[in-house]
Structure formats: C-alpha cells, structure tokens
Amino acid sequence: MARRKQRKKQNSKVGILAISFMVLGLFAVIAYKGEELKIKNEAYITKEADLITQIETEQERTEELKEYSKYVKTKKYIEEVAREKLGLIYEDEIIFKAK
C-alpha cells in the first residue's frame, strides 16, 4: 500500500509538472503571436494613413479637374487657345510686332 501511495504522488507530481509546462508553452505562443499582431496592426495603421492621404490628394485633384472642365467651356478659354495655338485675332484688332 505504501508503494501505491508513493506512485500516485509521483504520478500526480509528474502530471502537474506536465500541465504546468503546457500552460507555460501556450502562454509563450500567445505572447509571441500577440507581438506579431501588434506589428501587423501598426503596419496596417500606417498603410491606412497613407491611403487616407492619397484619397485626399485624389479628391483635391478631382476638384481641380472639375474646375478646369468648367473653365474649358468658357469663352475666355476658347479665345486663349485661338490666340496662342491657332494665332487667330479679331477682325478689328491690330497687332504690333516689336523689331
């Protein structure tokens, strides 16, 4: 009987030790994965900030293009293109050229 009690105590100590190692191992894995997730999260936050900046830039560009589209439809723009690119003038207009 004494031997049985000793074996039970040894078995329970070994079992407790094995469970303790398993718990410590799980804790280590969770801590490691947690750090990986923090690093990924920081990378995603940086990427999100870059994308938000890019979206704002593109929205500004869109507004500029809308304004330019409105300007292209004006008489002033048509006159500028006719003068600069086509060399046209009004009938009653006099051009002085410098020597």
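Residues numbered from 1 in each chain as written. Predicted model: local features only at pLDDT ≥ 70, side-chain atom pairs only at ≥ 80, totals over all residues. Heavy atoms only, no water.

**Re the overall build of the protein**
- Looking only at helices and strands, the protein has two helices and zero strands in total.
- Computed over C-alpha atoms, the radius of gyration of the protein comes to 40 Å, more than 25% over the 13 Å expected from 2.2 N^0.38 for 99 residues, which places it beyond the range of a compact globule.
- Looking at the protein as a whole, 1% of its 99 residues qualify as buried.
- Here the protein has roughly 10300 Å² of accessible surface; of this, 62% comes from carbon and sulfur atoms.
- When the 21 basic and 17 acidic side-chain charges of the protein are each reduced to a single mean position, those positions are 27 Å apart. (Helix = DSSP H or I, 4+ residues; strand = E, 2+ residues; numbered from the N terminus. Rg over C-alpha atoms; globule rule 2.2 N^0.38 Å. Buried < 20%, exposed > 50% of the residue type's maximum accessible area, 1.4 Å probe, protein only. Areas by Shrake-Rupley, 256 points an atom, 1.4 Å probe, with all protein chains shown as cover. Lys, Arg positive; Asp, Glu negative; His and termini not counted. Charge placed at Lys NZ, Arg CZ, Asp CG, Glu CD.)

**Brief notes about the packing of aromatic side chains**
- This structure, assessed with the given rule, holds three aromatic pairs.
- Between Tyr 68 and Tyr 77, the aromatic rings sit 6.3 Å apart at their centres with planes inclined by 80°, giving edge-to-face as the arrangement.
- Tyr 68 gets classed as partly exposed once you look at its relative accessible area, which sits at 45%.
- Three or more aromatic residues link up through ring pairs in this structure, and these residues are Tyr 68, Tyr 71 and Tyr 77. (Phe/Tyr/Trp six-rings, centres within 6.5 Å; stacked < 30°, edge-to-face > 60°.)

**Re the pattern of salt bridges**
- The full count for this structure, using the stated rule, is five salt bridges.
- Across the pair Glu 63 and Lys 66 runs a salt bridge whose closest N-O atoms are separated by 3.9 Å. Taken together, the residues span about one helical turn, with Glu 63 and Lys 66 both in helix α1 (residues 2-72) at a distance of three residues.
- The class for Glu 63 is partly exposed, based on a relative accessible area of 44%.
- Taking relative accessible area as the criterion, Lys 66 reaches 45% and is therefore assigned partly exposed.
- The salt bridge partner of Glu 67 is Lys 70, with a shortest N-O separation of 4.0 Å. Pair noted here: Glu 67 and Lys 70 are both in helix α1, with a separation of three residues, about one helical turn.
- With a relative accessible area of 49%, Glu 67 lands in the partly exposed category. (Salt bridge = Lys/Arg side-chain N within 4 Å of Asp/Glu carboxyl O.)

**Re a nonpolar patch on the surface**
- Together, Leu 17, Phe 21 and Leu 24 line one region of the surface with nonpolar side chains, adding up to about 340 Å² of accessible area.
- Residue placement: Phe 21 occurs in helix α1. (Patch = residues over 30% accessible without salt bridge, like charges linked within 9 Å, V, L, I, M, F, W, Y side chains within 5 Å.)

**Regarding the environment of Glu 60**
- Among the secondary structure elements, Glu 60 is positioned in helix α1.
- For the pair formed by Glu 60 and Val 14, sequence separation is 46 residues and the distance between their alpha carbons is 69 Å.

Shape descriptors only; they carry no functional weight alone.
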